[in-house]
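The lines below spell out each chain.
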Amino acid sequence: TEIYTLSLHDALPISGEVRRVTARTFAAADGLAKVIPESTEEAQYSLVWPLASALTHGRFGVAEVLGPFADEPVRAMFELIDVVVDEELTAAFPARRLTAVEIELSSGELLAAGPLESSGEPDDPGLPELVAAKVRDAFGDAPGAAAGEAGVRVASPDQLLALLRGAVVGDG
């Protein structure tokens, strides 16, 4: 069996070509929800749902965490995912939160990624860019967009990020 390195930026196989997905991870991650979510909270505290979404659509962003959760291709991928506790990855926790993914295709090919660490931890040097990208994803690039009925206006995602940085620094 050949093994290929997998990236979510690559073209992913359609779910009908996937025979099985194995997520090797640390023991605490194994305790996360393993049911198809019915709420945003359940989607956020899951390993399997974000993985199924990312494998199906190449992303797990704001839209995917907000639902609805009736996306049949994601649900089909969800059913193919097994979570396996890896002792080495467990030993690295909590300093590192690592997961490796292997995808077995119907053809017998094996796609693999990891072990990888999720971005967005407080000490992640890419955190500011990640937050800015999430803000742009949620609100778009249009400056001056109103943020709800509270009348708060944000001139740009970068300004919102600067406000958030100030709030974090001010609280410390």
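Above this text sits the structure in question.
Residues numbered from 1 in each chain as written. Predicted model: local features only at pLDDT ≥ 70, side-chain atom pairs only at ≥ 80, totals over all residues. Heavy atoms only, no water.

Details of the overall build of the protein
- Across its full length, the protein holds 8 helices and 7 strands.
- The burial tally for the protein puts 29% of its 172 residues in the buried class.
- Total accessible area on the protein is roughly 10500 Å²; 56% of this is exposed by carbon and sulfur atoms. (Helix = DSSP H or I, 4+ residues; strand = E, 2+ residues; numbered from the N terminus. Buried < 20%, exposed > 50% of the residue type's maximum accessible area, 1.4 Å probe, protein only. Areas by Shrake-Rupley, 256 points an atom, 1.4 Å probe, with all protein chains shown as cover.)

Thoughts on the pairing of strand β2 (residues 18-25)
- Two elements, β2 and strand β4 (residues 98-105), share 7 bridges in a ladder whose sense is antiparallel. Across the sheet, the residue bridging to Val21 is Ile103, located in β4.
- As judged from the 5 bridges shared by β2 and strand β3 (residues 81-85), these two strands associate in the parallel manner. Following the sheet pairing, Thr22 is matched in β3 by Asp82. (Pairing = 2+ DSSP bridges.)

Things to note about unusual backbone geometry
- For the bond from Gly67 to Pro68, the omega torsion is 5 degrees, close enough to zero to count as cis.
- Here Pro68 is to be found in the loop between α4 (62-66) and α5 (72-78).
- The omega torsion of the bond from Phe93 to Pro94 falls at 10 degrees, within 30 degrees of zero and hence cis.
- Structurally, the position occupied by Pro94 is in the loop between α6 (87-92) and β4.

Looking at the packing of aromatic side chains
- Summed over all chains, the structure comprises 3 aromatic pairs.
- Aromatic side chains Phe26 and Phe93 sit 4.5 Å apart centroid to centroid with 10 degrees between the ring planes, which places their arrangement in the stacked category. Residue Phe26 is located in the loop between β2 and α1 (27-30), and its partner Phe93 is located in the loop between α6 and β4; the two are separated by 67 residues in the primary sequence.
- On the basis of relative accessibility, which here comes to 32%, the residue Phe93 falls in the partly exposed class.
- Ring geometry for Trp49 and Phe78: centres 6.1 Å apart, planes at 50 degrees, overall tilted. Here Trp49, found in helix α3 (residues 48-57), pairs with Phe78, found in helix α5; they are 29 residues apart in sequence, far enough to count as distant. (Phe/Tyr/Trp six-rings, centres within 6.5 Å; stacked < 30°, edge-to-face > 60°.)

Section: the environment of Leu111
- Locating Leu111 in the fold gives a position in strand β5 (residues 110-117).
- Taking relative accessible area as the criterion, Leu111 reaches 12% and is therefore assigned buried.

Section: the pattern of salt bridges
- Applying the stated criterion to the full structure yields 5 salt bridges.
- When the shortest N-O distance is used, the salt bridge between Asp30 and Lys34 registers 2.5 Å.
- Asp30 sits in the partly exposed class, given a relative accessible area of 23%.
- Through salt bridges with shared partners, a single network forms among Arg19, Arg20 and Glu104. (Salt bridge = Lys/Arg side-chain N within 4 Å of Asp/Glu carboxyl O.)

So, the side chain of Thr25
- Structurally, the position occupied by Thr25 is in strand β2.
- At a separation of 2.8 Å, a polar atom in the side chain of Thr25 contacts the side chain of Thr99. (Polar contact = N/O pair within 3.5 Å; in protein donor to acceptor, adjacent residues only side chain to side chain.)

Describing the environment of Leu89
- You can see Leu89 is positioned in helix α6.
- When its relative accessible area of 5% is taken as the criterion, Leu89 is described as buried.
- If near-sequence neighbours (up to four positions away) are discounted, Leu89 is found in contact with Arg24, Thr25, Phe26, Leu98, Thr99, Ala100 and Pro115. (Contact = heavy atoms within 4.5 Å.)

Some thoughts on the nonpolar core
- Of all hydrophobic cores here, the largest spans 22 residues; its most connected members are Val21, Trp49, Leu51, Met77, Ile81 and Ile103.
- Every element with two or more residues in this core is listed here: β2, α3, α5, β3 and β4.
- Of all the elements, α3 adds the most residues to this core, at 5 residues. (Core = buried A, V, L, I, M, F, W, Y, C linked by side-chain atoms within 4.5 Å.)

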